[in-house]
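# Structural overview for review
Letter by letter, the chains look like this.
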Amino acid sequence: MLSYPVRIALIAALGGFLFGFETVVISGAEQTLEQLWHLDKITQGITVASSIFGTILGAILAGTPARLYGRKKALQVISIFFIVAALGCAFVTAWAGFISFRVLGGLAVGASSVIAPMYISEISPARLRGRLAGSFQVNIVAGIMVAYLTNYLFTHLQLTDAWRWMLGVMVVPAVLFAILLFAIPESPRWLILNNKESAALPILTRLGETNLAAAVSTIRDSVKEHRESLFQGRYSKPILYAMLLAMFNQLSGINAILYYAPRIFQMAGFDKSQSFSQPIYIGVANLFFTLLAMSVIDKFGRKTLLIIGSLGMILFLSLTAGAFPTEALTGHPTANSNLLLYLIGFIAFFAFSQGAVIWVFISEIFPNSVRSQGGSLGSGTHWVMAAIITTVFPVIVEGNSKGGRASFVFFAVMMVLQLIFIWRFMPETKGRTLEEIQKDLGIS
């Protein structure tokens, strides 16, 4: 039987499943929506990125309710947002209404990307924190894989308004998430920092803490003022590390590939059926290598995984750039079967590194006093970059015959810069308590 910390961490991590599903399910519907509402390339980019616009707001704003009302209550509100967004997208008839519900779903995604990893890191023993916080990422990629699979199934079944089924089916896991959240406790760190020590003690006991007095004292000593501002000189290192890692996460091109996978394969010469089935292989590879990373993240550490991943992504992004057809606009290129292999190779190394590490690392490096604000900053940075790349990608790749190749060259160069940052500057956090990490970063 799973231990108590593992059980409640996995429930919170279901927010990651909805995160993954919501973000990429649009890939199966975006070309249909383009025809349905007669969208040009700019409005098409806005349609696909609309969820991300909401995600930015959700990530930026999530820290405040999580700090004021608790991690559990915030997660419960997020689950309601997911339910309403799924139903709204399934039944909407106007483009403006569709955008509104996608933005609402994005709010839930952004907030969950901050609060769920924060909650998991705060209830996890140090020896398990990498794997448990990483379970959020496992759920993200599981959601991505299921979204690709359901998109393919609804397309293959040739249902009327299949896109509505693609987007609406998310209501099932959203309702399950809402129900299961009643079974988790509030974060004991949040309770202690809000002078609710008596409520925190039995939770700490169930989490396996043997020296309650020492644990409470350490948590209290780690903060001088619970509501202090993040933007102070002494927090410059965690701010810099979180923002750079979040930026590089998106500058790898991951969301351009995930959001536009069917379109990329069609531009590369694959027929429509293949263009919807090939992304399933990407989803499977994403899940497998994320699980592999989770099994070793607490053994090899965050930094080692990121270095290995950077090297692999540089290689496969470069190969993808070389395989991308330059005549995508003017002719009908023969499908390059190697493109699928190259993209799977990229996804494998991304999942093994950035995908597995980002939410773990950001949830670890900020001290208790500003963790909610720091999580919002890191996640907000991530989603701002995602919005920019997702909006401009279709304009670039279809506005110029060499746009696809140039895009992947750019992504490869960004991964070279990421490698330098990780190798020279990024600290290792494996096996350290949250309070020890705080001291390691020179935050008193």
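In what follows, the accompanying structure is described. Quick caveat, the model's predicted, so the values are computed rather than measured. All chains use their own residue numbering, which begins from 1 and follows the written sequence. Per-residue local features are limited, in this predicted model, to residues with pLDDT of at least 70; the limit for side-chain atom pairs, both in listing and counting, is 80 or more; totals at the level of whole chains, interfaces and linings are taken over all residues. Working from all heavy atoms in the structure, the side-chain values ignore hydrogens and water.

All right, on to the overall build of the protein then. Helix and strand counts for the protein come out as 21 helices and 0 strands. A globule of 444 residues ought to have a C-alpha radius of gyration of about 22 Å, and the protein, at 21 Å, matches this closely. For the protein, with 444 residues in total, the buried portion stands at 62%. Counted over contacts in the protein with a minimum sequence separation of 6, partners at least 24 positions apart contribute 84%. Each accessible area is a Shrake-Rupley result for a 1.4 Å probe, and residues are judged covered by the shown protein chains and nothing else. Counting only carbon and sulfur atoms, one obtains 67% of the accessible surface of the protein, whose full area is about 16,700 Å². Taken as two groups, the 31 positive and 21 negative side-chain charges of the protein have centres that lie 5 Å from each other. The secondary structure listing takes helices from DSSP runs of H or I that are at least 4 residues long and strands from runs of E that are at least 2 residues long, numbered from the N terminus. For this measure, only C-alpha atoms enter the radius of gyration; the expected value for a globule follows 2.2 Å times N^0.38, where N is the number of residues. Each residue's exposure class comes from its accessible area (1.4 Å probe, protein chains only) as a fraction of the maximum for that residue type: buried when under 20%, exposed when over 50%, partly exposed otherwise. In this analysis, two residues are considered to be in contact whenever any of their non-hydrogen atoms come within 4.5 Å of each other. Lys and Arg are tallied as positive, Asp and Glu as negative. Neither His nor the chain termini are counted. In plain terms, the charge of a residue is placed at NZ if it is Lys, CZ if Arg, CG if Asp and CD if Glu.

Turning our attention to unusual backbone geometry. Excluding glycine, residues mostly have negative phi values, and the peptide bonds linking residues are mostly trans. With a phi close to 50°, His-38 is a non-glycine residue in the positive phi region. Inspection of the secondary structure assignment puts His-38 in the loop between helix H2 (30–36) and helix H3 (41–61). The backbone of Asn-195 sits at a positive phi, close to 60°, despite the residue not being glycine.

Below, the discussion takes up empty space enclosed by the protein. Think of a 1 Å grid over just the protein atoms. A cavity is a set of points where a 1.4 Å probe fits yet cannot get out, a pocket is an open set with protein on both sides within 12 Å along at least five of seven lines, and lining residues have an atom within 4 Å of a point. Grid points are joined across faces, edges and corners, and a volume is the space filled by probe spheres set on the points. Going through the model one piece at a time under the given rule, you end up with 2 cavities of 30 Å³ or more. Taken as a whole, the largest cavity holds about 180 Å³ of empty space. Along the wall of the largest cavity there are 20 residues; nearest its centre are Phe-19, Ile-140, Asn-255, Leu-258 and His-382. Every element with two or more residues in the lining of the largest cavity is listed here: helix H1 (4–24), helix H7 (129–156), helix H13 (236–251), helix H14 (254–259), helix H18 (337–365) and helix H19 (371–399). In this structure, the second largest cavity encloses a volume near 60 Å³. In terms of lining residues, the second largest cavity is bounded by Ser-113, Val-114, Pro-117, Met-118, Trp-359, Ile-362, Ser-363, Arg-371 and Gly-375.

Attention now goes to the packing of aromatic side chains. In this scheme Phe, Tyr and Trp rings, the latter by its six-membered ring, pair at centre separations within 6.5 Å, and the angle between planes marks the pair as stacked below 30 degrees, edge-to-face above 60, and tilted otherwise. If you walk through the whole model with that rule in mind, you get 13 aromatic pairs. Ring centres 5.3 Å apart and planes at 50° place the aromatic pair Phe-19 and Trp-383 in the tilted group. Of this pair, Phe-19 sits in helix H1 while Trp-383 sits in helix H19, and the two are 364 residues apart along the sequence. Across the pair, exposure class does not vary: Phe-19 and Trp-383 are buried alike. Pairing Phe-154 with Trp-165 gives two aromatic rings, centres 6.1 Å apart and planes at 40°, and the pair type is tilted. Of this pair, Phe-154 sits in helix H7 while Trp-165 sits in helix H8 (residues 162–168), placing them 11 residues apart in sequence. Among the aromatic residues, those joined into a cluster by ring pairs are Phe-19, Phe-136 and Trp-383. When the ring centre of Trp-423 is taken as reference, the NZ or CZ atom of Arg-424 above it lies at 5.9 Å. The residue whose ring lies beneath Arg-424 is Phe-425, and the NZ or CZ to ring-centre distance is 6.0 Å. Only when the NZ of Lys or the CZ of Arg is both within 6 Å of the ring centre and within 35 degrees of the ring normal is a charge said to sit over the ring.

Looking now at the pattern of salt bridges. For this document, the term salt bridge refers to a Lys or Arg side-chain nitrogen within 4 Å of an Asp or Glu carboxyl oxygen. Tallied over the full model, the rule gives 4 salt bridges. A salt bridge links Arg-102 to Glu-22; the nearest nitrogen and oxygen atoms lie 3.0 Å apart. Pair noted here: Arg-102 is in helix H6 (residues 95–123) and Glu-22 is in helix H1, with a separation of 80 residues, a long-range link. Each member of the pair Arg-102 and Glu-22 is classed as buried.

So, on to the nonpolar core. Buried Ala, Val, Leu, Ile, Met, Phe, Trp, Tyr and Cys residues that are joined via side-chain atoms within 4.5 Å together make up what is termed a nonpolar core. Membership of the largest hydrophobic core comes to 149 residues, with the highest contact counts inside it found for Phe-98, Ile-115, Ile-120, Leu-258, Phe-346 and Trp-383. It is H18 that contributes the most residues to this core, 16 residues altogether. Excluding anything up to four places from it in sequence, Ile-115 contacts Ala-62, Ala-66, Arg-71, Ala-74, Leu-75 and Ile-78.

We now examine helix H9 (residues 171–180). Burial in H9 covers these residues: Val-171, Pro-173, Ala-174, Phe-177 and Ala-178. With its buried residues spanning 165° around the axis, H9 presents them on a single face. Away from its buried face, by an angle of more than 90 degrees, H9 presents the exposed residues Val-172 and Ile-179. In this structure, the buried residues of H9 make contact with H1, helix H5 (71–91) and H8. The directions considered for the arc are those from the helix axis to the C-beta atoms.

Here we take up the environment of Thr-390. For Thr-390, the location among the structural elements is in helix H19. C-alpha separation for the pair Thr-390 and Ile-52, spaced 338 residues apart in sequence, amounts to 8.5 Å. Leave out the neighbours within four places in its chain, and Thr-390 touches Gly-45, Val-48, Ala-49, Ile-52, Asn-255, Tyr-259 and Tyr-260. What qualifies as a polar contact is a pair of N or O atoms within 3.5 Å, subject to a donor-acceptor requirement within protein and to the restriction that residues adjacent in sequence count only when both atoms come from side chains. A polar contact is formed between the side chain of Thr-390 and the backbone oxygen of Ala-386, at a distance of 2.7 Å.

What follows covers the environment of Ala-285. Within the secondary structure, Ala-285 sits in helix H16 (residues 272–300). Spatially, the C-alpha atoms of Ala-285 and Ser-318 are 19 Å apart, while their sequence positions differ by 33 residues. With near-sequence residues (within four places) excluded, Ala-285 lies in contact with Ile-344 and Ile-347.

Geometric descriptors of this kind do not, in isolation, establish any biological role.
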